[in-house]
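What follows is the residue order along each chain.
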Amino acid sequence: MIHRFTVNAWQRFVLSCALVLPAFCTFAIDVDIEGVKDGKLEDNIRLHLNSLDISKDVLSDPFWQDELGATVSTAVEPFGYYNSTTTVEVSGDDVILHVNLDTPLTVTNVTREIIGTGREDKDFRDRFNAFSLKKGDVLNQPVYENFKSSMFNYALSHGYFDFNWQATRLDLVREERAANILLIAQSGPRYKFGEVKLIGDQKSEAILNRLKPFESGDYYSSAKLTEFNRRLNQSGYFSRVIARPVVSEAVVLTVPVEITLVHKPRDTFNVGLGAATDTGARLRLKWERPWINTRGHSVSSELFLSSPEQSFTVDYRIPMQDITNDYLSIEGGYQFIDYSNTNTEAETLTVAAHRYWQEANSPWQQDGSLTYLRENYTQGTSVEQTTQLVMPGYAIRYLDRNDPLNITKGTYLQAFFQFGRDNAGSDINITKTVLEGGMIRTLNKHWLMLRAEGGAIETNDFYRVPASLRFFAGGDQSIRGFAYRDISPKKNVYIDPETGEEVVDVIIDPETGEELTDVSVGGRYLVTASVEYAYRVAENWRAAVFTDAGTATNDFDEGLAYGFGVGFHWLSPIGPVRVYGARGLSEYENSWRLHFILGPEL
């Protein structure tokens, strides 16, 4: 006589739960399982054994041996083994389960059908037809159950809100080692996006419409709604926001999207304190107003104070089509610097317009700019200079890192180009190009960082190139072992525009009248490179060793400067704190310096 039975919903629920629930207790008896080579099968057997509360003393009782055998049978049935037998062997302290799995049930027939709109939807059909159990396969009930769940979730996430399984059945014929599968899906109609309903201040309506990745009438997609929520939260306008479909209010198969939001405060203020060996103690005060009008314009300003540098900037932003990645920035700023080690004083006024754009989820950002700069400065000489420049520019940056603070894998590249002409608003002809990059990689406890930078200035009158545009090397982020901006030519060498002859501007100390030979005046060219290796010695601590090399120069006749040393990294909650002891070697200086850096490496 052939026995058939159907796995009902409750049995399937119990079987599937047994496969995924973790073991909250451990089987009191340590057993060896023989006859089972499949790791998943053995794991499921042990998971079921964990539900038994028996001791080794009772295993000589046939009743408990039968209980063990029944438990093993229950564990292997979802994988098609419905005719298994188990014998229990107790040998001293060892308990061995001899499992005979017998021949598994195989799939003899799979009947599938879609009823409803999904029948005409290619993506829906492809997903439905991706059911992996085929005729001749060993029955695997977890695959069957997971497919039903995943198909239901797929349908809901693609707008089939009325989806249901009209019929599902798993018929098992144990004597014939056979299984028949029936799957009939009722997709129902496919819903579309309806109107967006805003709950809260209506001033953001225009911004919300520009952030939407869908239009009213598009087929519903949970992926697009997730993207909408991501854009809303990254826009910078809201302190809390969520967009959700209201299926219960659907009309004519269109689902309204309800947005609940809370705007950021009208004004926000931030105070930042920090320190570094290059600048000493520093204070940063920032004010931001995220909403100026209903089009999403915003404004911010920042005051920066340190011993050698003070600055004030204002930034007015106008969002373009893609608000989070595409915007126009109009900036104005004033800066005063006084670096005693390079005999530099400069007052700089800048006004710039930047057009930033970046593809969604892309690490590449581009920036087209137009900058007006007027700088009054003394650079290694008692003669005061004033230079005015109008410079178009272009920059492209690549930044990909796995964490904004404690980076274990990251890559950074940037190319920057700027130029001005003496017949187009500038006092001199000038072209400045900068290339820089860095890379961080981690393998287990080993951490490696490589970085390099190169730059060049081409001009018809280098003597009038502002101090803020010249190249210097040395300092925490350049060549360690040297003071900030300490590496560069020590004399101004330029071409007299009237005579065409080369002139050397000798720097005289106004107090002693003697020639100064250790004052950096900035160079035309820059090249630096660095290699740093660190080893994690504790949970949040790394020991590091590094070497840096490079120069800022006018002609590369002078030798390179080198820095090398050791240090440590503390991976603090606010970012890495790095401390180094460094030895600097160059034609002008051989010294030891301590460097302290707070913040991410890229």
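First, a word on what this report is: a plain description of the structure on this page. Here the residue numbers are simple positions, counted from 1 along each chain's written sequence. Owing to the predicted nature of the model, reporting of local features is limited to residues with pLDDT of at least 70; listing and counting of side-chain atom pairs is limited to 80 or more, with chain, interface and lining totals taken over all residues. Working from all heavy atoms in the structure, the side-chain values ignore hydrogens and water.

Another point: the pattern of salt bridges. One speaks of a salt bridge when a side-chain nitrogen belonging to Lys or Arg is within 4 Å of a carboxyl oxygen belonging to Asp or Glu. As enumerated under the stated definition, the model contains 19 salt bridges in all. The partner of Glu-227 in a salt bridge is Arg-231, with the nearest N and O atoms 3.0 Å apart. With a gap of four residues between them, Glu-227 and Arg-231 both fall in helix α7 (residues 222–234), about one helical turn apart. There is no split in this pair, since Glu-227 and Arg-231 are both buried. Residues joined by salt bridges that share partners form a network here, namely Arg-451, Arg-480, Glu-532 and Asp-548. By the criteria applied, helices consist of DSSP H or I runs no shorter than four residues and strands consist of E runs no shorter than two, each listed in order from the N terminus. When accessible area is computed with a 1.4 Å probe and restricted to protein chains, residues below 20% of their type maximum are described as buried, those above 50% as exposed, and intermediate ones as partly exposed.

With that out of the way, let us pick up a nonpolar patch on the surface. Taken together, Leu-448, Leu-450, Val-531, Tyr-533, Tyr-535, Val-537, Trp-541, Val-545, Val-566, Phe-568 and Trp-570 make up a surface patch of nonpolar side chains, about 930 Å² in accessible area. If you list the elements that add at least two residues to the nonpolar patch, you get β21 (446–459), β24 (525–538), β25 (541–553) and β26 (561–572). If you tally residues by element for the nonpolar patch, the top one is β24, at four residues. Among the structural elements, Val-545 can be located in strand β25. A patch consists of residues exposed above 30% relative accessible area that lack any salt bridge, with like charges linked at up to 9 Å and nonpolar side chains (Val, Leu, Ile, Met, Phe, Trp, Tyr) linked at up to 5 Å. Reported accessibility uses the Shrake-Rupley method at a 1.4 Å probe radius. Residues are deemed covered only where the shown protein chains occlude them.

All right, on to the packing of aromatic side chains then. Between the rings of Phe, Tyr and Trp (Trp by its six-membered ring), a pair exists once the centres lie within 6.5 Å; its type follows the angle of the planes, with under 30 degrees stacked, over 60 edge-to-face, and the other angles tilted. What the rule picks out here adds up to 24 aromatic pairs. Arranged with centres 6.1 Å apart and planes meeting at 55 degrees, the rings of Phe-128 and Phe-147 form a pair that is tilted. Separated by 19 residues along the polypeptide, Phe-128 in helix α4 (residues 122–128) and Phe-147 in helix α5 (residues 141–157) bring together distant segments of the chain. Like Phe-147, Phe-128 is buried. For the pair Phe-131 and Phe-147, a centre-to-centre distance of 4.9 Å together with 50 degrees between the ring planes defines the contact as tilted. Placement of the pair is Phe-131 in the loop between α4 and α5 and Phe-147 in helix α5, with a sequence separation of 16 residues. Side by side, Phe-131 and Phe-147 carry an identical accessibility label, which is buried. The structure contains a cluster of three or more aromatic residues connected by ring pairs, namely Phe-124, Phe-128, Phe-131, Phe-147, Phe-152, Tyr-154, Tyr-160, Phe-163 and Trp-165.

Tracing the sequence through the fold places Glu-375 in strand β17 (residues 364–379). In this tally, Lys and Arg are treated as positive and Asp and Glu as negative; His is ignored, and so are the chain termini. Of the buried charged residues, Glu-375 lacks a salt bridge, with Arg-485 as the closest side chain of opposite charge at 7.6 Å. Engagement of the side chain of Glu-375 in a polar contact is seen with the backbone nitrogen of Ala-467, the distance being 2.9 Å. Residue contacts follow a heavy-atom distance rule, with two residues in contact if any of their heavy atoms lie within 4.5 Å. Beyond its immediate stretch of four places on either side in the chain, Glu-375 contacts Ala-346, Glu-347, Thr-348, Gln-385, Thr-386, Thr-387, Pro-466, Ala-467 and Ser-468. In protein, a polar contact requires one atom able to donate a hydrogen and another able to accept it; more generally it is a pair of N or O atoms within 3.5 Å, and residues adjacent in sequence count only if both atoms are side-chain atoms.

Only when DSSP finds a minimum of two bridges between them are two strands counted as paired. Taken together, the three strands give an open sheet; going across it, the order is β2-β4-β3, and neighbouring strands pair in mixed fashion. Each having just a single partner strand, β2 (31–34) and β3 (85–91) make up the two edges of the open sheet. Strand-to-strand twist across the sheet, computed as the mean angle between neighbouring axes with direction ignored, equals 20 degrees. Pairing of β3 with strand β4 (residues 94–100), which is carried by seven bridges, proceeds in the antiparallel orientation. In the strand pairing of β4, Val-90 is matched with Val-95. In this description, a line fitted to the C-alpha atoms serves as the axis of each element, helices being fitted only across the stretch in contact, and the angle between N-to-C directions of two axes falls anywhere from 0 to 180 degrees. Of the strands in this sheet, β2 and β4 touch helix α2 (residues 39–49), which is tilted by about 140 degrees from β2. Across the sheet, helix α3 (residues 62–76) lies against β3 and β4, angled at about 130 degrees from β3, the strand it touches most.

Here α2 crosses α3 at 135 degrees, and the two axes come no closer than 8 Å. Classed by the angle they form, the pair α2 and α3 counts as oblique. Our pair here, α2 against α3, has a crossing hand that is right-handed. Residues Leu-41, Asn-44, Ile-45, His-48 and Leu-49 of α2 pack against Leu-68, Thr-71, Val-72, Thr-74, Ala-75 and Val-76 of α3. By the convention adopted, Pro, Cys, Tyr, Trp, Phe, Met, Ile, Leu, Val and Ala count as nonpolar, Lys, Arg, Asp and Glu as charged, and the other residues, Gly among them, as polar. When its residues are assigned to classes, the contact of α2 with α3 shows seven nonpolar, four polar and no charged. Just so you know how the angles are binned, under 35 degrees is roughly parallel, over 145 roughly antiparallel, 65 to 115 roughly perpendicular, and the rest oblique. Crossings are classed by handedness, with left-handed meaning an anticlockwise turn of the near helix from the far one by less than a right angle and right-handed meaning a clockwise turn.

Take the environment of Arg-240 next. With respect to the secondary-structure elements, Arg-240 resides in strand β9 (residues 238–245). By relative accessible area, Arg-240 is classed as exposed at 57%. Residues within four places of Arg-240 in sequence aside, it is in contact with Thr-260, Leu-261 and Val-262.

Moving on, we get to the sheet that holds strand β8 (residues 192–199). Taking strand neighbours across the sheet as the criterion, the three strands line up as β8-β10-β9 in an open arrangement whose pairing is mixed. Only two strands of the sheet have a single partner each, and these edge strands are β8 and β9. Looking at each pair of strands side by side, their axes are set apart by 20 degrees on average, direction ignored. Running at roughly 165 degrees to β9, α7 makes contact with β8, β9 and β10 (254–263) of the sheet.

Right, let's get into the environment of Ala-473. Topologically, Ala-473 is positioned in the loop between β21 and β22 (492–495). Taking C-alpha positions, Ala-473 is 4.8 Å from Ile-487, a pair spaced 14 residues apart along the chain. Beyond its immediate sequence surroundings of up to four residues, Ala-473 is in contact with Ser-478, Ile-479, Ala-483, Arg-485, Asp-486, Ile-487, Leu-526, Thr-528, Thr-551 and Ala-552.

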